[in-house]
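Remarks on the overall topology
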There are 2 protein chains.
Amino acid sequence: MPDNPPHVVLAVVLQVRDGLLQTLLWRRGRDPQLGAHALPGGYLDRGETLELSIRRHLAAKVDIRELSHLEQLITRSESEQKLGEWQVATAYLGLIPSGLDPAIPSDTSWHSVDDLPKMAFDHESMIQAAHQRLQAKLSYTNIGFALAPETFTISELRDLYAIALGHEVSATNLQRVLLRRELLEPTGERREPGPTGGRPAALFRFGSHRLSITDQFAALRPPGK
Amino acid sequence: MPDNPPHVVLAVVLQVRDGLLQTLLWRRGRDPQLGAHALPGGYLDRGETLELSIRRHLAAKVDIRELSHLEQLITRSESEQKLGEWQVATAYLGLIPSGLDPAIPSDTSWHSVDDLPKMAFDHESMIQAAHQRLQAKLSYTNIGFALAPETFTISELRDLYAIALGHEVSATNLQRVLLRRELLEPTGERREPGPTGGRPAALFRFGSHRLSITDQFAALRPPGK
DNA sequence: GCAAAAGTGTTGTGTCTACACCCATGT
DNA sequence: ACATGGGTGTAGACACAACACTTTTGC
C-alpha cells in the first residue's frame, strides 16, 4: 500500500432527457468491478486541481462546453476502503441543459436516476446526494438556468422543474415565484401554437447564468394533501 | 513528486466563547509557513477514513467527546499547489457547545473569527466558509443544539444566535420560531433571578441532538432598516 | 412602589398555494 | 362555435418581525 491514497475524481452529470432525470454512467472496462456501472471520472493527475481534473476526465465522455454548471459535492474515503483499496474520491455535480444531445462514447450511456443499474462502489449514494442537492437548490437558488435551454416557455420550464423535483409543479406559481425573484426575463418572442391551437406562449430566459442564492425561503413544495 | 497527493484533513472548530465566535488555531511548529497560524489537522493515515482521521488529529488538541457536531465542508487542491506542494485538503466543520472550556495544548489557542491572525495557506477562506455554513444552518436546521449547553434560557440562546449570526436577534421571535418548529422543550426548571431582580427564566433544552432540516424557510434575518 | 428581566398578545407584511377566470390561437 | 393551451386576478394560509403589554422577581 502506498504512502498516499490514490485520489479519484467523479462526476454525477444530470440532464433532463426524454421526460426523465438521467445521469451519465460508464460501464467499467477494468477491474475491480469489471462490467459494473460507475460514475465517469478517473485519477487526479500530478499537480492537477480537482476541478480541472474532473473537467479533463469528463471531456473524454461529453463536450464539456455543454456543461452549464459544476460544483463539488462530497469527498469520501469509506467504502472503497472496504474493498481493500485505500482510496479517496471527490464527487462533483454537473448539469447539462435539456435539449442538448452530446455525443458520448460507446462505453457510456444515460440512465434514469429512478431506475439505476447495479452500481460499483458507493456511487449510487453519490447520485442520490447529487439529486437531493439539485432539488434543494431549485428551491432557493436560480439553478434552473442550468437545466433549461437558452429560451423556453413557462410550460416547458414547469416540466423540467417537475421532473427534477419529482413532484407536480404548477406553471402558474412557478412563473410567479421566478418573476418575483427577477430570475426570468421575457425575450419578447412567442412560440407558435401547435396544430391543435392554443394561445401562443411567451418565451423567457434566465437573466443570469451564474449560481446565486435568490431566496432563503422554500417554494415549490409538493402539493398539499 | 510522489504518484499520489498527500491528503490533509483539517477542522474549523467553532465555539462561542467570551461573547465571540472563536475558532481553534494551531501555531505551526514546522515548515512550510513555520510560525504562521493554521487550522488543526494533519495527514490522512494509511487505510484511514476521512472522518476518523480528523477525529484522531483533533483528539491531540481537545477532548473530542465535547464535539457536538462534525460535518464535511469542502475539499481543495488549488492553493497548496501554488506553493509547489501538490496536496489535497479536506476541511471539516466542528462545533463545541458554549460553556465548556476544553484543555488545549500550548501551541493551540482560540481566536475570534472576526479578528484572525495571518493564516497559512488558504485556511482563512475555509474559516469563512465554515462560518457561512453555520449561519445558513442556524436558519433552516436545528443546529443550535450544537452551540448551546444542555439547558439554557431563551435569553442565553438569543445571545448565542446573535453572536454566531453576527446580528441582533429578538428573544421573543427566536422563542416563537424554535417552539413552532418543536425544537425546544421546557425542562420545567427555572433559573433564579440575579441580585437585580427580574422574573425567573424558564430553562429549555433541544429535543434532538441530531442535525435535521426543520424548515426550508429562512428566519432570523437581520432587523429591517 | 419601582426597576429589571421574562414572557404573551396582537398587528401588519410578505410569500406562497390554490383555484376561478380571462385571453389568443387553430379547426 | 368550441377546444386547447397560456396567462391573470384574487383569496386564504402561514411564517415571520415588530412592538405594546403583562408577569414575576429583587430591592
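Calculation rules
Residues numbered from 1 in each chain as written. Chains lettered and ligands numbered in written order. Predicted model: local features only at pLDDT ≥ 70, side-chain atom pairs only at ≥ 80, totals over all residues. Heavy atoms only, no water. Helix = DSSP H or I, 4+ residues; strand = E, 2+ residues; numbered from the N terminus. Buried < 20%, exposed > 50% of the residue type's maximum accessible area, 1.4 Å probe, protein only. pLDDT = per-residue confidence, 0-100. Contact = heavy atoms within 4.5 Å. Phe/Tyr/Trp six-rings, centres within 6.5 Å; stacked < 30°, edge-to-face > 60°. Salt bridge = Lys/Arg side-chain N within 4 Å of Asp/Glu carboxyl O.

Considerations on the environment of Gln128(B)
Residue and element names in this part refer to chain B. Mapped onto the fold, glutamine 128 is located in helix H3 (residues 123-140). According to the relative accessible area criterion, glutamine 128 is partly exposed, its value standing at 44%. The spatial distance from the C-alpha of glutamine 128 to the C-alpha of valine 113 is 8.0 Å, given a sequence separation of 15 residues.

A closer look at the confidence of the model for chain A
All names here are of chain A. Per-residue confidence for chain A gives a mean pLDDT of 90; residues scoring 70 or more make up 91%. When pLDDT is averaged over each helix and strand of chain A, the minimum, 59, is found for helix H2 (residues 78-82) and the maximum, 98, for strand E9 (residues 201-206). Every residue in residues 217-225 is under pLDDT 50, and counting partners more than four places away or in other chains gives 23 contacts.

Some words on the packing of aromatic side chains
All names here are of chain A. Tallied over the entire structure, the rule returns two aromatic pairs over all chains. Each ring, one from phenylalanine 152 and one from phenylalanine 206, has its centre 5.5 Å from the other, and the planes form 45°; the classification is tilted. Residue phenylalanine 152 is located in the loop between helix H3 (123-140) and helix H4 (154-165), and its partner phenylalanine 206 is located in strand E9; the two are separated by 54 residues in the primary sequence. Classification of phenylalanine 206 as buried rests on a relative accessible area of 3%.

A short note on the pattern of salt bridges
Residues and elements named next belong to chain B. This model, assessed by the stated rule, comprises 24 salt bridges over all chains. With its nearest N and O atoms 3.4 Å apart, the salt bridge here joins lysine 61 to aspartate 107. Here lysine 61, found in the loop between helix H1 (50-59) and strand E5 (69-76), pairs with aspartate 107, found in the loop between strand E6 (88-95) and strand E7 (108-112); they are 46 residues apart in sequence, far enough to count as distant. Across the pair glutamate 71 and arginine 133 runs a salt bridge whose closest N-O atoms are separated by 2.7 Å. Taken together, the residues glutamate 71 in strand E5 and arginine 133 in helix H3 connect sequence positions 62 residues apart. Residue classification places glutamate 71 among the buried positions, given a relative accessible area of 10%.

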